[in-house]
Amino acid sequence: MAAGHTQRVRTLLTHVNATADSDRTEEETRVVGKAADHVATVASAAAERVRTLLEDLRHLPRGVAAHVLRPQVQQLIQAAAEAGRVRPRQENQVAAWKARAGLSKPSPAQAAAPRASVVQPLRRPQLHKQEARRHWIRTSCPRCRVGSGQECVVDDGSRSRQVRHVPHDERLQPIIDERRERQRNQPKPPPPWRVYEVTCPDCGQGADARCMTPGGPHRSRVERAKEFTRRREPRPETGTEA
């Protein structure tokens, strides 16, 4: 106990407690009681340490890199192990921080699986790159329940309400779907006017008649065709002039 081997003491206590009290000497009983007090003291201090570390991690600025998080998360893992048992919510938070710091270990089945048999999941499209903030910020998020005008928050069950770097896909997808639907329902623009479909303002040549110049159509005729296209003027019927 003097060396602080709490986990070893806890294991030995488990074995000792399996022995009947009548089979122990007075000295052994005293040592067992002292060891139990030691374990309880260490566990209480470790539980408080877990709470403090989780609170410190929650107040870190956004976008902290995994390698920066790692030392503090390792302290959290050690404290949780010394506590022996933590609340379910704290256990979930510890697991979330382990994953964020890149400290989660693969399961034995995953570790034993041959590398060639691992199927890489398809990368999901990054919806936040398809929609401007000024559009999605005016809507509420159905996943984290924030209202319009608010950034999305992390919904890992910790109730930390830490702001996410990007909005949830569930907030973006309806906006993108609505925009695509509007685009599909828009009428197609009419084809552009051809130069020889309009009457030339300079030489008076009508539809399908070339300008009376060796260098091609007059500039005014070209600009007139562009103007008709821009204003989406109806195309002329066969045999008529514009």
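Residues numbered from 1 in each chain as written. Predicted model: local features only at pLDDT ≥ 70, side-chain atom pairs only at ≥ 80, totals over all residues. Heavy atoms only, no water.

**Comments concerning the overall build of the protein**
Logical step 1: From N to C terminus, the protein includes 8 helices and 0 strands.
Logical step 2: Reading the protein from its N terminus to its C terminus gives the helix and strand order α-α-α-α-α-α-α-α.
Logical step 3: When each of the 242 residues of the protein is scored for burial, the buried share is 24%.
Logical step 4: Sequence separation of at least 24 residues holds for 54% of the intrachain contacts in the protein that already meet a minimum separation of 6.
Logical step 5: Counting every atom, the protein has about 17,400 Å² of accessible surface; 52% of that belongs to carbon and sulfur. (Helix = DSSP H or I, 4+ residues; strand = E, 2+ residues; numbered from the N terminus. Buried < 20%, exposed > 50% of the residue type's maximum accessible area, 1.4 Å probe, protein only. Contact = heavy atoms within 4.5 Å. Areas by Shrake-Rupley, 256 points an atom, 1.4 Å probe, with all protein chains shown as cover.)

**Some thoughts on the nonpolar core**
Logical step 1: Among the nonpolar cores identified, the biggest contains 16 residues, and Val50, Leu54, Leu57, Leu69, Val73, Leu76 and Trp97 are the most heavily contacted of them.
Logical step 2: Among the secondary structure elements, those contributing two or more residues to this core are α2 (26-58), α3 (66-83) and α4 (88-100).
Logical step 3: The residues contacting leucine 57, other than those within four sequence positions of it, are Leu69, Gln72, Val73, Leu76 and Trp97.
Logical step 4: Counting 6 residues, the second-largest nonpolar core is a separate cluster that includes Leu127, Ile137, Ile175 and Ile176. (Core = buried A, V, L, I, M, F, W, Y, C linked by side-chain atoms within 4.5 Å.)

**Notes on the packing of α3 against α4**
Logical step 1: Relative orientation of the contacting elements α3 and α4 amounts to 145 degrees, with a least axis distance of 9 Å. The handedness of the crossing between α3 and α4 comes out as left-handed. From α3, Ala66, Leu69, Val73, Leu76 and Ile77 reach across to α4, where they touch Val94, Trp97, Lys98 and Arg100.
Logical step 2: Within the contact of α3 with α4, the residues separate by chemical class into 7 nonpolar, no polar and 2 charged. (Axes fitted to C-alpha atoms, helices over the stretch in contact; angles between N-to-C directions. Left-handed = near helix turned anticlockwise from the far one by under 90°. Nonpolar A, V, L, I, M, F, W, Y, C, P; charged D, E, K, R; others polar.)

**Topic: the packing of aromatic side chains**
Logical step 1: The full count for this structure, using the stated rule, is 1 aromatic pair.
Logical step 2: Relative to phenylalanine 228, the ring of tryptophan 193 lies with its centre 4.9 Å away and its plane at 75 degrees, an arrangement referred to as edge-to-face. With tryptophan 193 in the loop between α7 (169-185) and α8 (219-230) and phenylalanine 228 in helix α8, this pair connects stretches of sequence that are 35 residues apart. (Phe/Tyr/Trp six-rings, centres within 6.5 Å; stacked < 30°, edge-to-face > 60°.)

**Observations regarding unusual backbone geometry**
Logical step 1: Unlike most non-glycine residues, arginine 145 shows phi in positive territory, near 70 degrees.
Logical step 2: Here arginine 145 is to be found in the loop between α6 (133-136) and α7.
Logical step 3: Despite not being glycine, arginine 232 shows a phi value in the positive range, around 55 degrees.
Logical step 4: Tracing the backbone through its elements, the reader meets arginine 232 in the segment after α8.
Logical step 5: Overall, arginine 232 belongs to the exposed group, its relative accessible area being 54%.

**Description of the environment of valine 86**
Logical step 1: As for its placement among the helices and strands, valine 86 is situated in the loop between α3 and α4.
Logical step 2: Not counting residues up to four positions away in its chain, the partners in contact with valine 86 are Val50, Ala80 and Glu91.

**A closer look at the pattern of salt bridges**
Any two side chains of opposite charge can pair, given that their charged atoms come close.
Logical step 1: Applying the stated rule across the entire model yields 13 salt bridges.
Logical step 2: Residues joined by salt bridges that share partners form a network here, namely Glu227, Arg230, Arg231 and Glu233. (Salt bridge = Lys/Arg side-chain N within 4 Å of Asp/Glu carboxyl O.)

**Description of the side chain of glutamate 131**
Logical step 1: By secondary structure assignment, the location of glutamate 131 is in the loop between α5 (108-112) and α6.
Logical step 2: Given a relative accessible area of 8%, glutamate 131 falls into the buried group.
Logical step 3: For glutamate 131, the side chain forms a polar contact with the side chain of histidine 135, separated by 2.7 Å.
Logical step 4: Side-chain polar atoms of glutamate 131 contact the side chain of arginine 179, separated by 2.9 Å.
Logical step 5: In contact with glutamate 131, not counting residues within four places along its chain, are Trp136, Leu172, Ile175, Ile176 and Arg179. (Polar contact = N/O pair within 3.5 Å; in protein donor to acceptor, adjacent residues only side chain to side chain.)

**Some remarks on the state of the cysteines**
Logical step 1: By the definition in use, this model includes 0 disulfides.
Logical step 2: Free cysteine cysteine 152: the closest other cysteine sulfur is in cysteine 141, separated by 3.7 Å.
Logical step 3: Judged by relative accessible area, which is 2%, cysteine 152 ranks as buried. (Disulfide = S-S within 2.5 Å.)

**Quick look at α8**
Logical step 1: Helix length check: α8 (12 residues) gives 17 Å between terminal C-alpha atoms against 16 Å at 1.5 Å per residue, within 8%.
Logical step 2: Among the residues of α8, Arg221, Val222, Ala225 and Phe228 are the ones counted as buried. Looking straight down α8, one finds that the buried residues subtend no more than 125 degrees of arc, so they occupy a single side. α8 presents Arg219 and Arg230 as exposed residues on the side facing more than 90 degrees away from its buried surface.
Logical step 3: Of the residues trailing α8, arginine 232 is marked for its positive phi of about 55 degrees. (Expected span 1.5 Å × (residues − 1). Arc of directions from axis to C-beta.)

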